[in-house]
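So you can see what is in the structure, the chains are spelled out below.
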Amino acid sequence: MGKDVIIACDFPSAEQTLAFLDRFPGKKPFVKIGMELFYGEGPAIVRQIKARGHRIFLDLKLHDIPNTVKKAMAVLSGLDVDVCNLHAAGGAEMMRAALEGLTRTDGTRPLLIAVTQLTSTNQETLERELLIREPIAEVVMSYAENAKRAGLDGVVCSPLEAGKVHQRCGEDFLTVTPGVRFADGDRGDQKRVMTPAQAREIGSDYIVVGRPITAAADPVAAYERCCKEFIG
Ligand code: C5P
């Protein structure tokens, strides 16, 4: 898998999502479907987008007991998505069960990546609420190593962490990074951001870009600019 730009399709309805994708005639961007769209429209929206020829990252962040995650992953695998994810906080046994569930009878499976710590969690939350005393950067790296040992393909992380994850877990271990903004763009609620060019420099494998593309006056031009800066 080479470098690519994944568009976060954070729309509330199938209608809005498909109308958005209709603006890309002849192009099939890699798309991310998150909880909002999936819970609103169900598996049908995944099938529809897949039938149009897009690759799909289904961002549902599973976290439950191993048996439940294994069975849920088997269902998601049947939807023929390209990438699924879960929370590394669920532990190694859960991650291994997820891989088993995802693996189809012919041995193929979607890529599986782990969320380490959400970027909405900070050091204070970690210490006061989760009772984790280690520095958050160390927790992220340690969870990434757990995911690697469990056999996963990579992690979702801040682009600021991508270089270090590669150092610790190897160049082949995928880093999928949101929090990307154009140098001249609006940051919105993202605090720690990087431009597509910086994300490329630091070694992100995939960037997940939402509003800089979805809310642009010309989404196709914004997508192309992103690809040019990130992939070259
Ligand atoms: O619109 P924006 O580019 O900020 O969208 C980023 C996407 O990546 C959203 O779908 C958001 O939920 C997701 N994401 C994130 N930060 C994380 C994990 C996921 O922004 N740590």
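See above for the structure.
Residues numbered from 1 in each chain as written. Predicted model: local features only at pLDDT ≥ 70, side-chain atom pairs only at ≥ 80, totals over all residues. Heavy atoms only, no water.

**Focus: helix α3 (residues 43-51)**
Part 1 of the reasoning: Of the positions making up α3, those classed as buried are Ile45, Val46 and Ile49. For α3, the angular spread of buried residues about the axis comes to 105°, placing them on one side. Those residues of α3 that are exposed and aimed more than 90 degrees away from the buried face are Arg47 and Ala51.
Part 2 of the reasoning: Considering only its buried residues, α3 is in contact with α1 (14-21), β2 (30-33), α2 (35-41) and β3 (56-62).
Part 3 of the reasoning: Following α3 by one or two positions, glycine 53 has its phi on the positive side, about 100°. (Buried < 20%, exposed > 50% of the residue type's maximum accessible area, 1.4 Å probe, protein only. Helix = DSSP H or I, 4+ residues; strand = E, 2+ residues; numbered from the N terminus. Arc of directions from axis to C-beta. Contact = heavy atoms within 4.5 Å.)

**Details of the site of the ligand**
Part 1 of the reasoning: Every residue near the ligand is listed here: Ala8, Asp10, Lys32, Thr119, Pro178, Arg181, Gln190, Val208, Val209, Gly210, Arg211 and Pro212.
Part 2 of the reasoning: With respect to the ligand, the side chain of lysine 32 contributes an N or O atom lying 2.9 Å from an oxygen atom.
Part 3 of the reasoning: Take threonine 119: an N or O atom from its side chain is 2.8 Å from a nitrogen atom of the ligand.
Part 4 of the reasoning: Its residues assigned to classes, the shell around the ligand comprises 5 nonpolar, 3 polar and 4 charged. (Near = heavy atom within 4 Å. Polar contact = N/O pair within 3.5 Å; in protein donor to acceptor, adjacent residues only side chain to side chain. Nonpolar A, V, L, I, M, F, W, Y, C, P; charged D, E, K, R; others polar.)

**Comments concerning the nonpolar core**
Note that soluble globular proteins tend to have their nonpolar side chains buried in a common cluster.
Part 1 of the reasoning: Met73, Leu86 and Ile213 are the most contacted members of the largest nonpolar core, which has 63 residues in total.
Part 2 of the reasoning: When residues no more than four places from it in sequence are discounted, the contact partners of leucine 86 are Lys61, Leu62, Met73, Met94, Met95, Ala98, Leu112, Ile113, Ala114, Val115 and Leu152.
Part 3 of the reasoning: Residues Ile6, Ala8, Val83 and Leu111 belong to the second largest nonpolar core, which totals 13 residues. (Core = buried A, V, L, I, M, F, W, Y, C linked by side-chain atoms within 4.5 Å.)

**Some details on the packing of aromatic side chains**
Part 1 of the reasoning: Summed over all chains, the structure comprises 5 aromatic pairs.
Part 2 of the reasoning: Note on phenylalanine 11 and phenylalanine 20: the rings are 5.1 Å apart at their centroids and 45° apart in plane angle, and the pair reads as tilted. Of the two residues, phenylalanine 11 and phenylalanine 20, both sit in the buried class.
Part 3 of the reasoning: Members of the aromatic cluster, connected to one another through ring pairs, are Phe11, Phe20, Phe24 and Tyr223. (Phe/Tyr/Trp six-rings, centres within 6.5 Å; stacked < 30°, edge-to-face > 60°.)

On their own, these measurements won't tell you what the molecule is for.
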